[in-house]
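Close look at the chain arrangement
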Amino acid sequence: MDEYRYQPLLVTMDIESLFTVIPNEWGIESIRELLHSVDYNKNKCDLICALLDIVPANNVFLFQQQKYLQKVDVAMGTACVNSYTNLSLVQWERTHVLTNSTYGRYIEWYVRFVDICLLWNGTEVELNAFFSYLNNTTQFLRFTSQYSMTEIDFLDVKVRKDELNQIRTGLFRKHVRRNTFLHNTSMHPDHTKVNIIKGQVYRIMRLFNDDDELQIALDQLKSEFLNRGYDARTIDR
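In this report, we go over the structure that sits alongside the text.

Rules used throughout
- Residues numbered from 1 in each chain as written.
- Predicted model: local features only at pLDDT ≥ 70, side-chain atom pairs only at ≥ 80, totals over all residues.
- Heavy atoms only, no water.
- Buried < 20%, exposed > 50% of the residue type's maximum accessible area, 1.4 Å probe, protein only.
- Helix = DSSP H or I, 4+ residues; strand = E, 2+ residues; numbered from the N terminus.
- Pairing = 2+ DSSP bridges.
- Phe/Tyr/Trp six-rings, centres within 6.5 Å; stacked < 30°, edge-to-face > 60°.
- Salt bridge = Lys/Arg side-chain N within 4 Å of Asp/Glu carboxyl O.

Only one face of strand β8 (residues 157–161) is buried, namely the one carrying Val 157, Val 159 and Lys 161, since none of Lys 158 and Arg 160 on the opposite face is buried. Sheet analysis places strand β7 (residues 151–154) next to β8, joined by four bridges and oriented antiparallel. Bridge assignment links Ile 152 to a residue of β8, and that residue is Val 159. As defined by bridge partners, β8 adjoins strand β9 (residues 167–171) across five bridges and the pair is classed as antiparallel.

Another aspect to go through is the packing of aromatic side chains. Evaluated as defined, the whole model comprises nine aromatic pairs. Where Trp 92 meets Phe 143, the ring centres are 5.5 Å apart and the plane angle is 20°; that geometry is what we call stacked. A residue pair is termed long-range when its members are at least 10 positions apart, and Trp 92 in helix α5 (residues 90–98) and Phe 143 in strand β6 (residues 143–148) qualify at 51 residues. Note on Trp 92: relative accessible area 3%, which makes it buried. Residue class for Phe 143 comes out buried when judged on its relative accessible area of 9%. With centroids separated by 5.3 Å and ring planes inclined at 80°, the aromatic side chains of Phe 225 and Tyr 230 adopt a geometry described as edge-to-face. Here Phe 225 and Tyr 230 have matching classes, each one buried.

Evaluated as defined, the whole model comprises 13 salt bridges. Residue Glu 151 is joined to Lys 158 by a salt bridge in which the shortest nitrogen-to-oxygen separation is 3.4 Å. Classification of Glu 151 by relative accessible area gives partly exposed; the value is 39%.

In C-alpha cells, the structure reads:
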C-alpha cells in the first residue's frame, strides 16, 4: 500500500451484531442474486438456497433446562454462519458502497472481512454523511465507525501512516489480551505445539510491512512462548 502518499482518512466501520441481525429471507435472496450474477448453475443455486433455509428454521437450543426453536436470524454456532453472512452482504455492498454515485468516488481503497476498513479521500463532513446514509439503507444494518488521519485498528491489524505518509501495517492487540498460548506441559501431541508456533509466526509476518517492527514483534512472540515453557530451539526452528 505504499502508493497512498496523500492524506486520506483511515476509516473502520463495525456492523453491530452482524451475525444475528440479518433476516433469513433477505440473506437467502441476496445469496441467490449473487449466484445468479456469476452465472451459477440454477439447480445448484436452488439447492444451496434450500439448504440455507433449513439452517435458521431448525436451530434448537437449550436454555435453563428449556428447549427453544430460534425463528429469526442465523445462530452464531452454525457452520455456515461466516460464509452466509459475508456472502449475503455482497449485493448490498455493490449497490450501496462500491457503485454509489454520490459517495463511491471518495473511497480510494476498501476491504470487508466481517468489519469494514477503507481509505476516504473526502472531508469529515462527507464521511459522516456517508455513515448516515449507510445506516438508512436497511432497517436492520447499523454501523459504528472510527476514523483518524494517523492510525486506526482493524480486527487484529494496526494501520498507520509513517513520517512519509505511507501506509504501514502491524499487529493490534487489545489491552485485555493475555498470554494464553497452549502451555508446553500440555498433553497435546508435539506437532500441535509446533504448528501453534508456526501459525503465530506466519500471522505476524503477514501483518508487518516494516522489517524493524517485524523483528520486534517476533522477539516479543518468542518471549511469550518461552514464558509458556517452550524450548528456545523449538521456537527458532
